[in-house]
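# Summary of structural features
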Amino acid sequence: MTTNWSGTYDYRAIRRERPGTVEELQQLVADAPAVKIAGSGHSFNGIADSETGWQLDLSGLVADPEVDTERDTVTVSGGMKYGELVPALTASGRALANLASLPHITIAGSVATGTHGSGVGQRGLASAVQAVELLTADGELRWIDATDRHFGGVVVSLGSLGVVTRLRLSTVPDYAVRQDAFVGISWGELIARAGEVLAASYSVSVFGRWTGAGPDHIIAKSIVDGDGNGTRPSLSGASWTPDTLHPLQAAGATPDAVTEQGGAPGSWADRLPHFRLGFTPSAGAEIQSEFFIATEDAGRGIEALLAVGDAIAPYLLVSEIRAIAAESQWLSPAQGRDSVAFHFTWKPEVEAVHRAVAIVEQALADLAPRPHWGKVFTYPGRLDFAYGRLDDFDDLRRLLDPHGKFRNGFIDRHVARA
């Protein structure tokens, strides 16, 4: 792997290794001048790069998940992808409460960057983590759970505390979900009723491009009973359509890669993600950004982005609006506040996209936006203005990694104090 997943960021690590045993991993960490973990490559900046060190691929350490139905948990390898976990959970009658929009990403990488699914009552993926097995710079493997006073900084860790070798996740009973697509709502109606729209079902996504009369479409995901029965959500001002719509359908994308809509019930794992595991998700060649604001500011955020819509639309494939419930991890983009996230899928035009992202940041500046750690933003320095627990996290980072084994340019710029 020499680039990220979409081919829009070139890794500069001087060496790449794929350990086959934990002992080999420990030796590599000991020998390397610096270490970062590659994960699935689904980041769009230098967070997983190691400009002066080695990048490690943990896919050779992935073992079968251990489902504990008595404790409602599952223990997984850090390098396992969400889609790879699903069969073991399904066979045990268990599930996860939430998933991201694509199942192709590693569990450790997802939670480390504050990645999330959607739903006003659903927290980010990190909230499912009960404990983390961490390989620290001193070569020690240790489990850290909620009894540890530092746990609030351990899960969303940006890969800067050590190597996450295993995680213990909470599970819930297996459940089924239906997806329904709606079209026709206007921007004015969405601004006036943003909270109502985003709370219309278990998970809601609003897709659009910040131009025209309104969003392209809305996808509502609702839980149904064991027989597949469930009420279609109601969205005033929008019309239901039986079609399955790709998030980028307005840009000409066909729905082959998209999980089934039209109200057809299916497994949580086949409906909560937007994209099917066996297909290239989204556009493939793309750049992503995402910014989180407080839920009560959702309408103001939409108005602010519409005001710059004509300026950013030429570089935009699609934008998505989702809600995320407040959580406690120090560096979670939803830490301490119920949030609405504005996600941008950009064309793979790096310089133009950076200019467009700066316009978005300026438009949202009065709403205390927090950038997603693994996506493109243009803030040049420490993100302490956005993340109030950043000093606490940097203290923890220095405690667990006093010599900077897991430090890189991204951490130096955006996290570490001088």
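In the block above lies the structure referred to throughout.
Because the structure is predicted, anything quoted here is derived from the model rather than measured.

What describes a pair of aromatic rings is the distance from one ring centre to the other and the angle between the planes of the rings. Under the definition given, this model contains 14 aromatic pairs. Both rings, one in phenylalanine 377 and one in tyrosine 379, keep their centres 6.1 Å apart while their planes meet at 35°; by these two values the pair is tilted. Across this residue pair, the class does not change: phenylalanine 377 and tyrosine 379 are buried. An aromatic cluster of three or more residues is present, and its members are Phe291, Phe344, Trp346, Trp373, Phe377, Tyr379, Phe385, Tyr387 and Phe410.

A few words now on unusual backbone geometry. Of note, the phi angle at aspartate 72 is positive, near 55°, even though the residue is not glycine. Within the fold, aspartate 72 resides in the loop between strand E4 (66-68) and strand E5 (73-77). For aspartate 72, a relative accessible area of 31% gives the class partly exposed.

Further remarks concern the side chain of aspartate 394. Following the sequence through the fold, aspartate 394 ends up in helix H11 (residues 390-400). Residue class for aspartate 394 comes out buried when judged on its relative accessible area of 0%. Of note is the side chain of aspartate 394, whose polar atom sits 2.9 Å from the side chain of arginine 398.

The next point concerns the pattern of salt bridges. Charged atoms that come close allow side chains of opposite charge to pair. Considering all chains together, one arrives at 23 salt bridges under this definition. Here aspartate 68 and arginine 71 are joined by a salt bridge, their closest N and O atoms 3.2 Å apart. Residue aspartate 68 is classed as partly exposed on the basis of its relative accessible area of 22%. On the basis of relative accessibility, which here comes to 61%, the residue arginine 71 falls in the exposed class. Arginine 417 serves as the salt-bridge partner of aspartate 395, at 2.2 Å between the closest nitrogen and oxygen. A residue pair is termed long-range when its members are at least 10 positions apart, and aspartate 395 in helix H11 and arginine 417 in the segment after helix H12 (409-414) qualify at 22 residues. What makes aspartate 395 partly exposed here is its relative accessible area of 42%. With a relative accessible area of 26%, arginine 417 lands in the partly exposed category. Overlapping salt bridges, with partners in common, bring together Asp394, Asp395, Arg397, Arg398 and Arg417 in one network.

Quick notes on the rules
Residues numbered from 1 in each chain as written. Predicted model: local features only at pLDDT ≥ 70, side-chain atom pairs only at ≥ 80, totals over all residues. Heavy atoms only, no water. Phe/Tyr/Trp six-rings, centres within 6.5 Å; stacked < 30°, edge-to-face > 60°. Buried < 20%, exposed > 50% of the residue type's maximum accessible area, 1.4 Å probe, protein only. Helix = DSSP H or I, 4+ residues; strand = E, 2+ residues; numbered from the N terminus. Polar contact = N/O pair within 3.5 Å; in protein donor to acceptor, adjacent residues only side chain to side chain. Salt bridge = Lys/Arg side-chain N within 4 Å of Asp/Glu carboxyl O.

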